[in-house]
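As a plain string of letters, each chain reads:
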Amino acid sequence: MEKKKVHLVLGSGGARGIAHIAVIEALEKDGYEIIEVIGCSMGAVVGGIYAAGHLSEYKKWLLSLTRSDVFELLDFTFTKTGFVKGEKLFAKHKEVTGDLYIENFKIPFTAVATDMKHNEEVYFRDGNLYTALRASVSIPGLFTPVVLGNKVLVDGGVLNPVPVNLVNKQEDAIIVAVDLNARAEEKKLTESSLNSEEEKEQKWYERLLPDQVLEFAKKQDKQEEEAFSLLGLMESTFSFTQDRLTSLMFEMYKPEVRINIPRNTCNTFDFYKAKEVYEAGINAYKKDMIQE
């Protein structure tokens with residue numbers, strides 16, 4: 001019996017992208033053949049490593065990460081264009097998979113980045129995978145941009161968080177799009193557990209910022225208790241922009257299946273929550289996937 005074919009579009013969303021792995025595994029288990037992968041940011045990372053044939057070892061590494069492991073992978077630089085270089089992070093990826101070139105993949109793959117100099121999307125369909133991924137994940141203000149020729153490249157989510165418009169559609173295939181910034185789910189927590197969780201997350205984000213910025217943010221928080229903190233704004237502004245762009249894209253290019261990963265599944269750098277996020281991916285697949 002011929003396998004059902006899927007064009008897979010994997011959206012941006014930081015550590016929530018671990019849910020992409022669960023979706024890919026579930027599709028294969030259910031007898032689908034993934035014939036194309038298009039990814040943005042963390043969607044590009046998971047999609048590219050899958051298309052290269054290294055998803056199992058990458059998954060194993062992600063599931064082993066602790067909070068301190070994640071912090072150790074961030075190489076701080078504190079420049080005017082960002083304060084994480086990203087070289088250390090992708091050097092570790094190369095240790096897991098080796099150097100990879102997109103044109104050698106058995107599954108066609110596209111990674112999406114944004115050229116800030118020319119205000120346009122950039123598509124990587126060949127060349128070194130990790131050059132493409134480093135550009136695609138460069139959250140503005142956090143990661144330093146990637147400069148290639150006359151292009152200044154940052155996160156593809158700036159213009160196209162779930163790039164369904166790039167699918168080279170075949171008549172006998174369906175489009176499955178995974179949105180990592182879907183409507184937040186209500187989480188049932190006691191007041192004490194909620195306060196504890198917020199305290200832990202705040203401390204995690206505080207470790208990413210210079211002391212001067214932290215001092216200013218804390219002063220502002222004390223003065224305006226009901227206002228967003230500076231740290232919260234860094235996380236929320238990018239996510240809200242992605243929400244609006246994603247909604248517009250889905251209105252214009254409707255996939256047959258949209259798998260929704262709630263935005264509050266985890267924060268951008270919560271890679272140490274890999275098992276929890278992976279389970280969220282399984283649950284979302286079961287809820288949203290249309291069985292052909």
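Residues numbered from 1 in each chain as written. Predicted model: local features only at pLDDT ≥ 70, side-chain atom pairs only at ≥ 80, totals over all residues. Heavy atoms only, no water.

Visitor: What's the story with the overall build of the protein chain in this structure? I'm lost.
Guide: Counting secondary structure elements, the protein chain contains ten helices and ten strands. When the 292 residues of the protein chain are sorted by exposure, 52% land in the buried category. (Helix = DSSP H or I, 4+ residues; strand = E, 2+ residues; numbered from the N terminus. Buried < 20%, exposed > 50% of the residue type's maximum accessible area, 1.4 Å probe, protein only.)

Visitor: Would you take a moment to explain the packing of helix H3 (residues 55-63) against helix H5 (residues 87-97) for this structure?
Guide: Geometry of a packed helix pair, given as the angle between the helix axes and the separation of the axes. Two elements in contact, H3 and H5, have axes separated by 9 Å at closest approach and are oriented at 130 degrees. By the angle between their directions, the pair H3 and H5 is classed as oblique. Between H3 and H5 lies a crossing whose hand is right-handed. For the pair H3 and H5, the contacting residues are Glu 57, Tyr 58 and Trp 61 in the first and Lys 92, His 93 and Val 96 in the second. When the residues that make up the contact of H3 with H5 are grouped by side-chain class, the tally is three nonpolar, one polar and two charged. (Axes fitted to C-alpha atoms, helices over the stretch in contact; angles between N-to-C directions. Parallel < 35°, antiparallel > 145°, perpendicular 65-115°, else oblique. Left-handed = near helix turned anticlockwise from the far one by under 90°. Contact = heavy atoms within 4.5 Å. Nonpolar A, V, L, I, M, F, W, Y, C, P; charged D, E, K, R; others polar.)

Visitor: What exactly am I supposed to notice about the environment of Pro 140 here?
Guide: As for its position among the elements, Pro 140 is in the loop between helix H6 (129-136) and strand S7 (146-148). Given the relative accessible area of 39%, Pro 140 is considered partly exposed. It is 6.3 Å that separates the C-alpha atoms of Pro 140 and Val 154, two residues lying 14 residues apart in sequence.

Visitor: In this structure, what is going on with a nonpolar patch on the surface? I would like to understand it.
Guide: A cluster of nonpolar side chains, Leu 248, Met 252 and Tyr 253, forms an exposed patch at the surface whose accessible area comes to about 310 Å². Along the polypeptide, Tyr 253 turns up in the loop between helix H9 (230-252) and strand S10 (257-262). (Patch = residues over 30% accessible without salt bridge, like charges linked within 9 Å, V, L, I, M, F, W, Y side chains within 5 Å. Areas by Shrake-Rupley, 256 points an atom, 1.4 Å probe, with all protein chains shown as cover. Salt bridge = Lys/Arg side-chain N within 4 Å of Asp/Glu carboxyl O.)

Visitor: Would you explain the nonpolar core in this entry?
Guide: Across soluble globular proteins, you tend to see nonpolar side chains buried next to one another. Within the largest apolar cluster, 64 residues are counted, with the highest numbers of intra-cluster contacts made by Phe 109 and Ile 259. A per-element tally of this core places helix H1 (residues 18-29) first, with eight residues. Not counting chain neighbours up to four residues away, the residues in contact with Ile 259 comprise Val 23, Val 176, Ala 177, Val 178, Asp 179, Ala 284, Tyr 285, Asp 288 and Met 289. (Core = buried A, V, L, I, M, F, W, Y, C linked by side-chain atoms within 4.5 Å.)

Visitor: Would you explain the pattern of salt bridges in this entry?
Guide: Side chains that differ in sign of charge can pair as their charged atoms come close. Applying the stated criterion to the full structure yields seven salt bridges. Across the pair Lys 169 and Glu 256 runs a salt bridge whose closest N-O atoms are separated by 3.8 Å. With Lys 169 in the loop between strand S8 (151-155) and strand S9 (173-182) and Glu 256 in the loop between H9 and S10, this residue pair connects regions lying 87 residues apart in the sequence. In this structure Glu 256 comes out as partly exposed when scored by relative accessible area, which is 35%. Between Lys 273 and Asp 270 there is a salt bridge, with the nearest N and O atoms lying 3.5 Å from each other. Exposure class is identical for Lys 273 and Asp 270. Each is buried.

Visitor: Explain the pairing of strand S1 (residues 4-10) here, please?
Guide: Two faces make up the sheet, and in a regular strand the side chains alternate between them. Counting buried positions along S1 gives six out of seven residues, so the element sits mostly inside the fold. The pairing of S1 with strand S2 (residues 32-40) spans seven bridges and is parallel. Across the sheet, the residue bridging to Lys 4 is Tyr 32, located in S2. (Pairing = 2+ DSSP bridges.)

Visitor: Mind showing me how you'd approach the pairing of S9 here?
Guide: Of all ten residues in S9, ten are buried; the element is thus mostly enclosed. Strand direction decides the pairing type here: S1 and S9, joined by six bridges, are parallel. For Leu 10, the partnering residue across the bridge sits in S9 and is Val 178. Sheet topology note: the S9/S10 ladder contains five bridges and is parallel. By the bridge assignment, Val 176 is partnered in S10 with Val 257.

Visitor: In this structure, what is going on with H3? I would like to understand it.
Guide: Along H3, the positions that sit buried rather than exposed are Leu 55, Tyr 58, Lys 59, Trp 61 and Leu 62. Mapping the buried residues of H3 onto a view down its axis gives an arc of 160 degrees, with all of them on the same face. Facing away from the buried side of H3 by over 90 degrees, the exposed positions are Ser 56 and Lys 60. Where H3 is buried, its residues touch H1, helix H2 (42-51), H5 and helix H10 (274-288). (Arc of directions from axis to C-beta.)

Visitor: For this particular structure, what's the right way to read the environment of Gly 48?
Guide: Mapped onto the secondary structure, Gly 48 falls in helix H2. Judged by relative accessible area, Gly 48 falls into the buried class, the value being 0%. Separated by 84 residues in sequence, Gly 48 and Ala 132 place their C-alpha atoms 9.3 Å apart.

Visitor: Even after reading the chapter, I still don't get the packing of aromatic side chains, so can you show me in this structure?
Guide: Two descriptors summarise a pair of aromatic rings, namely the distance from one centre to the other and the angle between the planes of the rings. Enumeration according to the criterion identifies four aromatic pairs in this entry. On the basis of an interplanar angle of 50 degrees and a centroid distance of 6.2 Å, the ring pair of Phe 90 and Tyr 130 is categorised as tilted. Of this pair, Phe 90 sits in helix H5 while Tyr 130 sits in helix H6, and the two are 40 residues apart along the sequence. One residue, Lys 4, lies across the ring of Tyr 32, its end atom 4.6 Å from the ring centre. (Phe/Tyr/Trp six-rings, centres within 6.5 Å; stacked < 30°, edge-to-face > 60°. Lys NZ or Arg CZ within 6 Å of the ring centre and 35° of its normal.)

Visitor: What should I look at first to understand the confidence of the model for the protein chain in this one?
Guide: The predicted structure's coordinates, where accompanied by low pLDDT, should not be read in detail. For the protein chain, per-residue confidence averages 83 on the pLDDT scale, and 78% of positions sit at 70 or higher. Across residues 189-205, where pLDDT falls below 50, the model places 19 contacts with residues more than four positions away in sequence or in other chains. Note on residues 223-228: pLDDT is under 50 here. Beyond four places in sequence and across chains, it has three contacts. (pLDDT = per-residue confidence, 0-100.)

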